[in-house]
Amino acid sequence: MGDVLAEAEKLAKNADDNAWTNRNTRHWNIATSDEVKSAVKGCRSSLRIMSAQAKRFEPELILKDWRR
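In this report, the structure presented in the accompanying data block is examined.

Contact geometry of helix α1 (residues 2-14) with helix α3 (residues 33-63) gives a least axis separation of 9 Å together with a crossing angle of 160°. As summarised for this structure, α1 and α3 are arranged roughly antiparallel, according to the angle between their axes. Taken as a pair, α1 and α3 cross one another with a handedness that is left-handed. Across the interface between the two elements, Gly2, Leu5, Ala6, Ala8, Glu9, Ala12 and Lys13 from α1 touch Ser33, Val36, Lys37, Val40, Cys43, Arg44 and Leu47 from α3.

Okay, here's the thing in C-alpha cells:
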C-alpha cells in the first residue's frame, strides 16, 4: 500500500495543473495536484494508524492461532 501512495505522490509532484485542467473536456472533475497530495497525506496517516493497531493485536491473534 505504501508503494502505491509513493507512486501517487510522485505523479502529483510531477503533474502540471494546467495540463490536468485542459483535459477536462466533459463533465468530469479532475483533481488538482494539491488535492492528490492532500489525499495521499490522509491515506498515509490512516495507514500508520492501521499498522499500529495491527501490530498491537498481533500477539493476541497469534496466541489464538489466527495466523494469516
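After that view, the rundown keeps rolling.
Turning our attention to α3. Over its 31 residues, α3 runs 45 Å from end to end, which matches the ideal 45 Å to within 8%, given 1.5 Å per residue. At Phe57, α3 shows its maximal bend, which comes to roughly 40°, and the proline Pro59 appears one to four places after that position. Of the residues flanking the end of α3, it is Asp65, one or two places downstream, whose phi is positive at about 65°.

Cut-off values and rules
- Residues numbered from 1 in each chain as written.
- Predicted model: local features only at pLDDT ≥ 70, side-chain atom pairs only at ≥ 80, totals over all residues.
- Heavy atoms only, no water.
- Axes fitted to C-alpha atoms, helices over the stretch in contact; angles between N-to-C directions.
- Helix = DSSP H or I, 4+ residues; strand = E, 2+ residues; numbered from the N terminus.
- Parallel < 35°, antiparallel > 145°, perpendicular 65-115°, else oblique.
- Left-handed = near helix turned anticlockwise from the far one by under 90°.
- Contact = heavy atoms within 4.5 Å.
- Expected span 1.5 Å × (residues − 1).
- Bend = angle between axes of the 7 residues up to and from the residue.

Spatial relationships are all this shows, so hold off on functional conclusions.
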